[in-house]
Amino acid sequence: RYCQYYVILLLQEGRFTAVPFWKTQEKDGSEFMDRSMEVEYLESFDKNPPEGSPLRIYVTRLDDFTFLGNYNVVDESSDYGQIWGRFFEKGGYDPIVPYATDKSPVNVWFTDAEGKRVYFQGLFVKDVARVPEGYCQMDFPGGEYLVVTTDWMERNEEAVGEKGNGRCNRYADYAPMPAGYVRDESYVIRLEVERADMPQGSRYEVWVPIRRAGSGA
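Thresholds, definitions, all that
Residues numbered from 1 in each chain as written. Predicted model: local features only at pLDDT ≥ 70, side-chain atom pairs only at ≥ 80, totals over all residues. Heavy atoms only, no water. Salt bridge = Lys/Arg side-chain N within 4 Å of Asp/Glu carboxyl O. Buried < 20%, exposed > 50% of the residue type's maximum accessible area, 1.4 Å probe, protein only. Helix = DSSP H or I, 4+ residues; strand = E, 2+ residues; numbered from the N terminus. Pairing = 2+ DSSP bridges.

*Asks:* Describe the pattern of salt bridges, and please don't skip the residues or the numbers.
*Replies:* Per the stated rule, a full pass over the model turns up 10 salt bridges. Here Arg203 ties to Glu205 by a salt bridge, and the two come within 3.1 Å at their closest N and O atoms. Each member of the pair Arg203 and Glu205 is classed as buried. It is possible to trace a salt-bridge network through shared partners that takes in Asp102, Arg195, Arg203 and Glu205.

Okay, here's the thing in structure tokens:
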């Protein structure tokens, strides 16, 4: 079991206020927030949010990570239904799970060396003995992220649907940065994390890479 220290950014009157809290993670991957230090947002982030479901935003740091999954070069004409269909036809997450450090499904969006956009479906892993046939393994540098998510929902169908995935991704497109930070989409563009059927429920998280202003790309 380990603990991580986080800062929630509370939007009040157009300004962010940093509020600290702790997250603990058990060996089985389940997470528990210290509710005594978490805060309720005083203001929702959508113009017309569903009743009782404000967006929650915090800043976190992700260390260097290894990722194993399905590598897809995409453009405006890409058919994501076909991409997901092919992914599950060759085994989906099953060949990756034995090496996973976190079993929550992740999509990594990034720009490759040729300037093409990549949609990478898979899991965070370590100590991969053999890359499964048809899959790709890559190492990514660590960095800081602005995470956009929601309250925990009862059903995962809600979390991956409009109330979760849809709202979080839309807001992430134009989310204001905390003081002293700018977006850093020079390599990784976005992470999407599906927290499905956890003890607290389900939720979708969109991670936007950021860096301190003036630190360079």
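Additional details are given in the paragraphs that follow.
*Asks:* I'd like a rundown of unusual backbone geometry, residues and numbers included.
*Replies:* One non-glycine residue, Asp127, lies in the positive phi region at around 55°. On the basis of relative accessible area, Asp127 is assigned to the exposed category, the value being 67%. The backbone phi angle of Asp197 is positive, close to 55°, even though this residue is not glycine. By secondary structure assignment, the location of Asp197 is in strand E11 (residues 188-198). Asp197 gets classed as exposed once you look at its relative accessible area, which sits at 59%.

*Asks:* Give a detailed account of the pairing of strand E6 (residues 100-111), specifying residues and quantitative values.
*Replies:* Sheet topology places E6 next to strand E7 (residues 117-125); 8 bridges connect them, and they run antiparallel. Among the inter-strand pairings, Asn107 is bridged to a residue of E7, identified as Gln121. Between E6 and E7, which pair antiparallel and follow one another directly, the connecting turn spans 5 residues, one of which, Gly115, has a positive phi of 85°. For E6 and E11, the ladder comprises 5 bridges, and the chain directions are antiparallel. The residue bridging Val108 from the neighbouring strand is Leu191, located in E11.

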